[in-house]
Amino acid sequence: QILKNEHRSLEGDPDLQFLLKGGDLLKVLSPSWKKTRYFRLQEDCKTMWRESKKTFKKNDTFSLDDISAVQMGRQSEGLKKNTEEQVEDRCFFIIFKSRRKNLDLIASSEEEAKQWVKSMQKVVSNLNNLSQKQKTEHWILSCLRKADKNKDDNLSPSEVKSFLHLINIEVDDEYMEMLFKKCDKSKSGTLTGEEIKHFYDLLTQRDEIDVIYGEYAKTTGFMSAQNLVDFLMKEQREKATLADAHRIIEMYEPDENAKEKKLLSKDGFLMYLNHPDAMILNPDHKDVYQDMSQPLNHYFISSSHNTYLMEDQLKGPSSTEAYIRALQKGCRCVELDCWDGPDNEPVIYHGYTLTSKILFKDVIKAISEHAFKTSQYPVILSLENHCSVEQQEVMARHMSSILGSALITSPLSDGMPTNFPSPEELKGKFLIKGKRLNKLEDTFAEAAADDNDKKLKLAKELSDMVIYFKSVHFNSFEDAQKNLSFYEMASFKEGKAIKLAEESGKGRETIRNSQTLINRIYPAGSRTDSSNYNPVPLWNAGCQIVALNFQTPCTDMDVNQGRFLVNGKSGYVLKPAFMRDVATEFDPITLTRGDWLKHKTLHVMVISAQQLPKVSQKKSSIVDPLVKVEVYGVPADVAEKETKPFDNNGLNPSWNENFQFDVYVPELALVRFSIEDYDSISDNDFVGQYTLPFNSLKMGYRHVPLFNKNGNLLPSAGLFVHIMVMDAE
């Protein structure tokens, strides 16, 4: 009964049973469109089903894997706009990880709304906490259910072929017939019960794991604790003791008899290798591990451009959801384009375009509610202020009343500061970037009022909120060093920033400028499709705030997320020491002969992949995967290698190909693993990727998790590699 028993352990859970039974909810699309729809969780305990009343429309489904959050109340943009306050207690909404709009719902009572939210939160949390083995089983069994067309818990030869297509593997009829006969012990012409399990075991067999395990399993076919220590020290380059080995066996060995004898079976070994702490990202770098007490200008800061936009720059929707999604991804600098709105309420939109408008106060509320859920470190509100003085006063009042004491409105110290405070000092705080009527120094002088810039049409209430990020015009590096105070900050279009870096001694002057000031870079105005630019050359030049269009999935966003994957996803990454030290003359872009001799060599063996998703939804389409390994960094480090494509196999393709890279500035380098579906006629299709800092790589045999194009984890897919980093001789 393998198809029925997957969730036996949850059978008594009342929250799961509530979702499996389902119920009617009011779906809200507009003030006049509120329709009752029946929602329930399908038997796979992973897919939500919603009936459609339209005659020719299929009933909708969505995966619980795609849910970012389920929340009570009318806080979503749609519910605020389309419902009355009296239904507040009955409202809840679902936020998705992808670009899909929120699902706004109303239950029949407050108790029922709370039950839906509690139940969905619990099941989503359980799914997120499954082990890699459980995720693989979940995926395989879900495909088995889909293949079992007549729902008799048996698989006929045609259903087996359908199953193979679902799990992304193409085999010829002769091989499939051989597999089928091997498993059909009862000679019934169908697979059932243990025969399906045997078929599953054959499909998920990992020959490469057998080889590695066999090298070290020297104790009657098992790994002893000492065998495991030998593996960890020799292959994984980890300092390991017998106590470490005993802890691993206790945590990962599924066989109680083996565990009692302090032995690790092959299944336990694979479970350990699949655990996040044993994967390619150094587990010590997952949480905040860097010094967070340095001045703000010593960090790269995760930053968004025109954060309010969901799509393009000309006619797409503006939404508070866009801010929520950026903040959930660890963004710490968001942009607000502010314009006069009706009824003396400022609005945010892309001026002089057809993009929709949202209320400034709604954006501030959304930011206030979601700013510190992913990261506790400070959020910068970058104001592009086009409002009249009257509505600027309204902006100031909204920020003051909504953000309260979390808004920085005066320097942290009593006197005039001489440097930025640190992220640690500013935990849970908001900082405003915008124009000021005067220099900050003037607020500490007696004649402050006489020194205001009378050309600026700026409300004093708003001006006074700008403390550490005053927007100024950039003239030259010489002028900046001579005349700008530390808190005065220039913004550059991407093209100008790259040109300045290239003209100023290949980046040395830009780096020197960023040692005392903060530079902000933003996309060119020609990027009306919200495309992005490569942030790496700007980081190489020391620029702290490199703003990207977070709503656009692309390689540049992958690299940005890779840069900020570490340090607790705090949105702050400490710049290398040579970028912070005013005395250093090291230029990472123009390397000396001595620098060339001191480089690192990265050896990568691409071994195999597991459970890759189908790219095309066509039933007959099977992926032909190839793996690209890329290094991003200073010009001398940029490189790309790729494997040959593996034909018709997304389940367990193998390559066993070796690559070598020379890395001269490891502090700035990032490594990107990507998988594409090879196409000899057109461009390859994207399958998945993972990017991480070079200095966060773990050596040895490592699984690499994969993200989809929206930057969300592919639950059961992965890449298996061997990594070695050596000092060049």
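Predicted, not measured: the structure shown is a model, and the values here were computed from it.

How each quantity is defined
- Residues numbered from 1 in each chain as written.
- Predicted model: local features only at pLDDT ≥ 70, side-chain atom pairs only at ≥ 80, totals over all residues.
- Heavy atoms only, no water.
- Helix = DSSP H or I, 4+ residues; strand = E, 2+ residues; numbered from the N terminus.
- Rg over C-alpha atoms; globule rule 2.2 N^0.38 Å.
- Buried < 20%, exposed > 50% of the residue type's maximum accessible area, 1.4 Å probe, protein only.
- Areas by Shrake-Rupley, 256 points an atom, 1.4 Å probe, with all protein chains shown as cover.
- Arc of directions from axis to C-beta.
- Contact = heavy atoms within 4.5 Å.
- UniProt positions renumbered as here; feature names shortened; annotations may be inferred.
- Polar contact = N/O pair within 3.5 Å; in protein donor to acceptor, adjacent residues only side chain to side chain.
- Pairing = 2+ DSSP bridges.
- Axes fitted to C-alpha atoms, helices over the stretch in contact; angles between N-to-C directions.
- Salt bridge = Lys/Arg side-chain N within 4 Å of Asp/Glu carboxyl O.
- Core = buried A, V, L, I, M, F, W, Y, C linked by side-chain atoms within 4.5 Å.
- Domains from an automatic or database assignment.

1. Re the overall build of the chain
When helices and strands are tallied, the chain shows 23 helices and 30 strands. The C-alpha atoms of the chain give a radius of gyration of 28 Å, which matches the 27 Å a tight globule of 729 residues would have. In terms of principal-axis extent, the alpha carbons of the chain reach across some 95 × 70 × 55 Å. The buried share among the 729 residues of the chain stands at 55%. With an accessible surface of roughly 32400 Å², the chain has 49% of that area assigned to carbon and sulfur atoms.

2. Examining helix H7 (residues 194–203)
Burial in H7 covers these residues: Glu195, Ile196, Phe199, Tyr200 and Leu203. Projection of H7 onto a plane perpendicular to its axis shows the buried side chains occupying an angular sector of 145 degrees, all on one side. The inward-facing, buried residues of H7 abut helix H4 (132–147), strand S8 (154–155), helix H5 (157–166), helix H6 (173–183) and strand S9 (191–192).

3. Here we look at the UniProt feature "binding site: Ca(2+) 4" (unreviewed entry) in the chain
Look at the UniProt record and you will see "binding site: Ca(2+) 4" (unreviewed entry) annotated at Ile622, Asp624 and Asn648. Across 27 residues of sequence, these annotated residues stay compact in space, with a maximum C-alpha separation of 6.7 Å. Its place among the elements puts Ile622 in the loop between strand S23 (600–610) and strand S24 (625–632). If we skip the residues at most four places from it in the chain, Ile622 touches His165, Asn168, Ile169, Glu170, Lys614, Asn648 and Asn649. Relative to the helices and strands, Asn648 is located in the loop between strand S25 (639–642) and strand S26 (654–663). Judged by relative accessible area, which is 32%, Asn648 ranks as partly exposed.

4. Some points on the side chain of Lys433
Looking at the element boundaries, Lys433 is found in strand S17 (residues 430–434). The buried category is assigned to Lys433, whose relative accessible area is 1%. A distance of 3.3 Å separates polar atoms of two side chains, one belonging to Lys433 and the other to Ser382. If we ignore the near neighbours within four places in the chain, the residues touching Lys433 are Ile380, Leu381, Ser382, Leu383, Glu384, Phe469, Ser471, Met489, Ser491 and Arg520.

5. Brief notes about the sheet that holds strand S5 (residues 67–72)
In space, the seven strands of this open sheet follow the order S4-S3-S2-S1-S7-S6-S5, with antiparallel pairing throughout. Each edge of the sheet is formed by a strand with only one pairing partner; in this case those strands are strand S4 (60–63) and S5. In this sheet, neighbouring strand axes are inclined to one another by 30 degrees on average, regardless of whether the strands run parallel or antiparallel. Two elements, strand S1 (residues 23–28) and strand S7 (residues 103–106), share two bridges in a ladder whose sense is antiparallel. Each bridged residue has a counterpart across the sheet, and for Lys27 the counterpart in S7 is Leu105.

6. Examining the pairing of S23
In terms of burial, S23 is largely enclosed, as eight of its eleven residues are buried. As judged from the ten bridges shared by S23 and strand S30 (residues 713–727), these two strands associate in the antiparallel manner. Bridge pairing in S30 links Ala609 to Leu719.

7. Here we look at the pattern of salt bridges
Enumeration according to the criterion identifies 29 salt bridges in this entry. Of the charged contacts in the structure, one is a salt bridge between Lys698 and Glu238, with a shortest N-O distance of 3.6 Å. You can see Lys698 sitting in the loop between strand S28 (685–693) and strand S29 (700–707) and its partner Glu238 sitting in the loop between helix H9 (225–234) and helix H10 (242–252), a full 460 residues away along the chain. Here Lys698 and Glu238 have matching classes, each one buried. Salt-bridge contacts for Glu509 lead to Arg512; the nearest nitrogen and oxygen are separated by 3.4 Å. With Glu509 and Arg512 both in helix H19 (residues 508–514) and three residues apart, this pair spans about one turn of that helix. By relative accessible area, Glu509 is classed as partly exposed at 28%.

8. Description of the nonpolar core
Core analysis: the largest hydrophobic core is formed by 68 residues, its most contacted members being Leu336, Ile367, Leu381, Met399 and Phe430. Each of domain 4 (296–440 + 457–579) and domain 5 (600–727) gives at least three residues to this core. Membership of the second largest hydrophobic core comes to 34 residues, among which are Leu281, Val606, Phe694 and Ala717.

9. Comments concerning the side chain of Gln392
Relative to the assigned elements, Gln392 resides in helix H15 (residues 389–403). If sequence neighbours within four positions are ignored, Gln392 has contacts with Asn385, Cys387, Lys457, Leu458, Ala459 and Leu462.

10. Let's talk about the environment of Glu393
As for its placement among the helices and strands, Glu393 is situated in helix H15. We classify Glu393 as partly exposed; its relative accessible area is 27%. Taking C-alpha positions, Glu393 is 9.7 Å from Ser463, a pair spaced 70 residues apart along the chain. Filtering out sequence-adjacent residues up to four positions away, Glu393 remains in contact with Ala459 and Glu461.

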